[in-house]
Structure formats: C-alpha cells, structure tokens
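Residues per chain, in single letters:
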Amino acid sequence: MAQGKILVVDDQESIRKLVSMHLRKRGYDVLGAHDGREGLKKALKHHPDIIISDLMMPGMDGIEFCKRIKADKDMREVFFIMLTAKGKIEDKVEGFGSGADDYMVKPFNHHELLARVESAMRICSLQGELRELNNLKDEFLGMVAHDLRNPLTVIKGWCDLFAEDLLGDLTSEQVEAIDGISQQSILMLDLVNDLLDVTKIESGKVELSLSQYKIQDLVAGQLRAQTLVASKKHITLVDRVPDNLPPVWLDPDRMAQALNNLLSNAFKFSPEHATVTISAARNGNFVEVSVSDTGVGIPPEDLDRLFQKFVQVGSRPTRGEKGTGLGLAIVKKIVELHGGRVWATSKVGEGSTFTFSLPVEKRSSAEPEPSAKETSLEVTIPSEN
Ligand SMILES: Nc1ncnc2c1ncn2[C@@H]1O[C@H](COP(=O)(O)OP(=O)(O)OP(=O)(O)O)[C@@H](O)[C@H]1O
Ligand SMILES: [Mg+2]
C-alpha cells in the first residue's frame, strides 16, 4: 500500500527517474513533471503530500513554482523540498525565502533523501492530526455556543417579565439586580452568537446567498439602523458613497453583519461628538468600502493582529463598552468568503479607517488589488443630538 504521494519535478528526465525509482521502492506513490508549470497542474489535480523540485528549470523555475504553491490556500501545506545543484548559502536562503520547507544539494545521497522524505511525511501526518483536532474543537465550540443560547434566552425572558412588572412589584434593589442579570445575559448572548458565527464560517458551514446588490443600498440601510445608537454618543454619521458604483455580488445579510461590526467598533472607540464616515470607490475589479472614525486610533504595531480571534489591542472603548474581540475576525471571514479582503489604517489620537474590498464579478477567491483611489460624493445624515 502506498504510504504517501510525492510529486517529483525536474527538467532532467534521468534525475526524475532516479528519484522516482528510490521513492517507489519505499512504497511511495510517485508522479513526475518536467517544469513548474506542469508541476502546478499536477499538484492541483493530484494533491501530493510532498513535492521534490529542482530549482533551475526552463519555463517556470523552482522558486516561482514554490511561491505559487505556498500562495495557494489549498496547496500551501504541501511539504516542499528543493533538490538542486545550486548549493551556495545565498541559493539556500532564496529557496527557503520562497517558502521551501527543506533544501538538498545535488548530487544527492539517496539514503539521505529517503530519510528527509520520511521526516517530511511525519510532519504531514502531524499536520493532518492538527487539522482534525482543530475541526473537532470548532465542532465542540459550535455545540457549546448553540446549547448555551437557549437557556440564556430564557434567563433574559424572565428578566424582561420582572422588568415589565408582570410578576409583581419589586423593590428598587431588586429592579437593579434584575437589570444587572439582564445586561449580563445580553452580553453572553452576543458572545455565544459571535462564537457560533465564527465556528460556522470556519467549518465551511456558511453558504452565501449571493445576489447583485447596490453598495449604496447596503450602506444606507445600515446607517438608518445605526442612527439611534450613534446618537447616544452624539456621533455624526456621514454617507459618502457615490451613486455611480456598479452593483456587486454579495450576501446582503452577511455583508450587513460585517458593516454593522465595523460601525459598532467606530462608535465604541470614538469619543462623544466624533464623526463616522462611510465612503466607497471602484478600484479595478473591486469596490472598496471604508468606515472611518475620528476616534482613539490604533498603534501601528497592533494593526496586523486586529483581525485574529479574541484579539483586543491597546485601543480602549471610550465609555467602557464591552466586547470579546470576535467582531473583526467575523468581518474578515465574511469578506474573504466573498472573495475580497479587509485592512485597517490608523493614527493614534486621530482615528482609524477600516476598508474592505468586494469583487464586482461573482467568484470566490481574492485577486491582487491595485492601490486605493477615492472618488466620493458627500451626503450627510444628520445626527440625532
Ligand atoms: N475603530 C476602531 N478604533 C480603534 N480601535 C479599534 C477599532 N476597531 C477595532 N479596534 C481594536 O481592535 C480590537 C478588536 O476589534 P473587534 O471588533 O474584533 O473586538 P471588540 O470590538 O473588542 O469585541 P466584539 O466586536 O467581539 O464585541 C478592539 O478591541 C480594539 O482594540
Ligand atoms: Mg467589535
């Protein structure tokens, strides 16, 4: 029985044959390709565990081939061994820099090659176990979150009955206590709902319901829904989305959820009387939507970590508002499901801008984008002071 699948890529047929022969003798299932381009095609089709590739090849060389493999989210975990005549330190550094996991210099000793392949196989199998454990963790988290939701809703329901005096008169201390229980159950409900969202999206259980939708309508709807929340902090909402944007393929409920998270952050991390602006612009094949605030800002060293689960950085809510650090992780996942990406720019003390891009065409994975350019039109929504 084959103990793993290996793709051998080399323009020299004799080397390909020699390497393949040693691997087959050890029971591996071996495929061959004569350059990076053919290697890519075969890797996509056959999902090898390990790729052993030459560096200098006509057509696509080993460096470019390795970069492409490591840039592809379905193939980046394939263990990549460079097997090349280029043995200088700079060559090795370049090889590892392109994403290679191991590097061997020709002429090679086949005992060493097989030992390295076996060690790579052990790593692949541990990776597989980790993936399974991670899926199990997601499933468990999803189950816990789901099962906590019902009792919490019941607790909140009883609190509401007390608060509405439907269960008899309460003393002022009792009213205060019930209010405390109610507030905490709302926070816990928000948390379990967020956990459920993250785990659902992570385990691939969220299917987008895509339709061609106008960003203008999405933004206008969200701004209407948020006016009351903003007015509590006397925040001015500004709609700078131009009329001439092309419609975008999106799931309106999920994108409203993403926008809602960005707006709620902008309110939470801004002082009273701040301004929150939504703008949008076409940029190549994408429409980019930005939510900017004039709030506390984020230190530059924290910008990269914001979108990870449970990460809360130096910036603190201005009124002690609560959160769990899941909002931006959810935004990132929703935007990536749409084939776009999200990023932040910020200046401490001046404010932050969160921008997400959505492809105009219907598709599922992101393409590299050109840099941002803005065209905007000002329509002011008066705040309710
Ligand atoms: N507009 C913003 N201005 C300043 N800091 C921000 C802004 N948005 C996010 N952050 C920082 O990024 C962190 C992560 O944001 P995220 O939305 O994921 O979590 P949260 O708002 O703390 O909690 P949750 O969204 O789960 O209620 C925040 O805790 C905050 O430190
Ligand atoms: Mg948030």
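Residues numbered from 1 in each chain as written. Chains lettered and ligands numbered in written order. Predicted model: local features only at pLDDT ≥ 70, side-chain atom pairs only at ≥ 80, totals over all residues.

Visitor: Is there a simple way to think about the overall build of the chain in this case?
Guide: Along the chain, the regular secondary structure elements total 9 helices and 13 strands. A globule of 385 residues ought to have a C-alpha radius of gyration of about 21 Å, yet the chain, at 27 Å, is considerably larger. Overall, the C-alpha framework of the chain stretches about 90 × 50 × 40 Å when taken along its three principal axes. Burial statistics for the chain: of 385 residues in total, 31% are counted as buried. For the chain, long-range pairs separated by at least 24 residues make up 69% of all intrachain contacts whose partners lie at least 6 apart in sequence. (Helix = DSSP H or I, 4+ residues; strand = E, 2+ residues; numbered from the N terminus. Rg over C-alpha atoms; globule rule 2.2 N^0.38 Å. Buried ≥ 20, exposed ≤ 12 C-beta atoms within 10 Å, placed from the backbone. Contact = placed C-beta atoms within 7 Å.)

Visitor: Can you walk me through the site of ligand 1 in this structure?
Guide: Within the structure, ligand 1 sits among 23 residues, and Asn265, Phe269, Gln312, Gly323 and Gly327 are positioned closest to it. Among the elements of the structure, helix H8 (252–268) and helix H9 (327–337) are those that each provide at least two residues to the shell around ligand 1. With 4 residues, the top contributor of residues to the shell around ligand 1 is H8. Per-class residue counts for the shell around ligand 1 are 10 nonpolar, 10 polar and 3 charged. (Near = placed C-beta within 6 Å. Nonpolar A, V, L, I, M, F, W, Y, C, P; charged D, E, K, R; others polar.)

Visitor: Quick question: what am I supposed to make of the domain arrangement of the chain here?
Guide: Frequently, the measure chosen for interface size is the accessible area that the parts lose on association. As assigned here, the chain comprises domain 1 (5–108), domain 2 (132–202) and domain 3 (211–381). Look at where the C-alpha atoms of domain 2 and domain 3 centre, and you get two points 27 Å apart. On the side of domain 3, 8 residues touch domain 2, which itself brings 6 residues to the contact. (Domains from an automatic or database assignment.)

Visitor: For this particular structure, what's the right way to read the environment of Val93?
Guide: Positionally, Val93 belongs in helix H4 (residues 89–97). Since 11 C-beta atoms lie within 10 Å of it, Val93 is described here as exposed. Put simply, Val93 and Tyr103 are 10 residues apart on the chain and 9.5 Å apart in space, counted from C-alpha to C-alpha.

Visitor: Explain the nonpolar core here, please?
Guide: One broad rule of soluble globular proteins: the nonpolar side chains tend to lie buried together. Counting residues in each nonpolar core, the largest one holds 44 residues, and the members touching the most others are Ile215, Ala258, Leu262, Val276 and Val331. Mapped onto this core, the elements with two or more residues apiece are helix H6 (172–202), helix H7 (215–232), strand E8 (248–250), H8, strand E9 (275–283), strand E10 (286–293), H9 and strand E12 (351–359). A total of 7 residues in this core trace back to one element, the largest contributor, which is H8. When residues of this core are assigned to domains, at least three fall in each of domain 2 (132–202) and domain 3 (211–381). Residues contacting Val276, with those up to four places away along its chain left out, are Ala230, Ile235, Leu237, Leu263, Ala266, Phe267, Ser270, Val291 and Asp293. Listed in part, the 29 residues of the second largest apolar core include Ala33, Ala43, Ile50 and Ile63. (Core = buried A, V, L, I, M, F, W, Y, C linked by C-beta atoms within 7 Å.)

Visitor: Sorry, what's going on with H7 here?
Guide: Since one α-helical turn is 3.6 residues long, residues separated by three or four positions face the same way. Between its terminal C-alpha atoms H7 stretches 26 Å, which fits the 26 Å expected from 18 residues at 1.5 Å a residue. The largest bend in H7 amounts to roughly 45 degrees and is located at Gln226. The positive-phi residue at the C-terminal boundary of H7 is His234, with phi of around 55 degrees. (Expected span 1.5 Å × (residues − 1). Bend = angle between axes of the 7 residues up to and from the residue.)

Visitor: How should the sheet that holds strand E5 (residues 102–105) be read in this particular structure?
Guide: Backbone-to-backbone hydrogen bonds pair the strands of a sheet. The strands run either parallel or antiparallel. What the 5 strands build is an open sheet, ordered E2-E1-E3-E4-E5; its pairing is parallel. At either margin of the open sheet sits one strand with a lone partner, and together these are strand E2 (29–33) and E5. In this sheet, adjacent strand axes meet at a mean angle of 20 degrees when their direction is disregarded. Taken strand by strand, helix H1 (residues 13–25) contacts strand E1 (5–9), E2 and strand E3 (50–53), and its axis lies near 170 degrees from that of E2. (Pairing = 2+ DSSP bridges. Axes fitted to C-alpha atoms, helices over the stretch in contact; angles between N-to-C directions.)

Visitor: How do you make sense of the packing of H6 against H9 when you look at a structure like this?
Guide: Helix-helix packing is characterised by the crossing angle of the two axes and by the distance between the axes. Where H6 meets H9, the closest approach of the two axes is 10 Å, and the angle between their N-to-C directions is 35 degrees. Note that H6 runs across H9; the crossing there is left-handed. Contacts between H6 and H9 involve Asp194, Asp197, Val198 and Ile201 on the former and, on the latter, Ala329, Ile330, Lys333 and Leu337. Tallied by class, residues from the contact of H6 with H9 come to 5 nonpolar, no polar and 3 charged. (Left-handed = near helix turned anticlockwise from the far one by under 90°.)

Visitor: Help me understand unusual backbone geometry, please; the structure alone is not making it clear to me.
Guide: Residues apart from glycine generally show negative phi values, whereas peptide bonds are mostly found in trans. The linkage connecting Lys106 with the following residue, Pro107, adopts the cis geometry, with an omega of 0 degrees. Among the structural elements, Pro107 can be located in the loop between E5 and helix H5 (110–163). Unlike most non-glycine residues, His47 shows phi in positive territory, near 45 degrees. Phi at Asp165 is positive, roughly 60 degrees, even though this residue is not glycine. If you trace the backbone, Asp165 turns up in the loop between H5 and H6. Take Asp165: there are 10 C-beta atoms within 10 Å of it, and that puts it in the exposed class.

Visitor: Would you explain the environment of Lys156 in this entry?
Guide: Within the secondary structure, Lys156 sits in helix H5. For the pair formed by Lys156 and Met143, sequence separation is 13 residues and the distance between their alpha carbons is 20 Å. Dropping the residues within four chain positions of it, Lys156 is found in contact with Ser182, Ser185, Ile186 and Leu189.

Visitor: In this structure, what is going on with the pairing of E1? I would like to understand it.
Guide: A regular strand places its side chains on the two faces of the sheet in alternate fashion. Within E1, 4 of the 5 residues are buried, which leaves the element mostly enclosed by the surrounding structure. Note on the crossover from E1 through H1 to E2: the handedness is right-handed. The sheet contact formed by E1 and E3 spans 4 bridges and is parallel. Opposite Leu7, over in E3, you have Ile51 as the bridge partner. (Right-handed = clockwise from strand over helix to strand, strands pointing away.)

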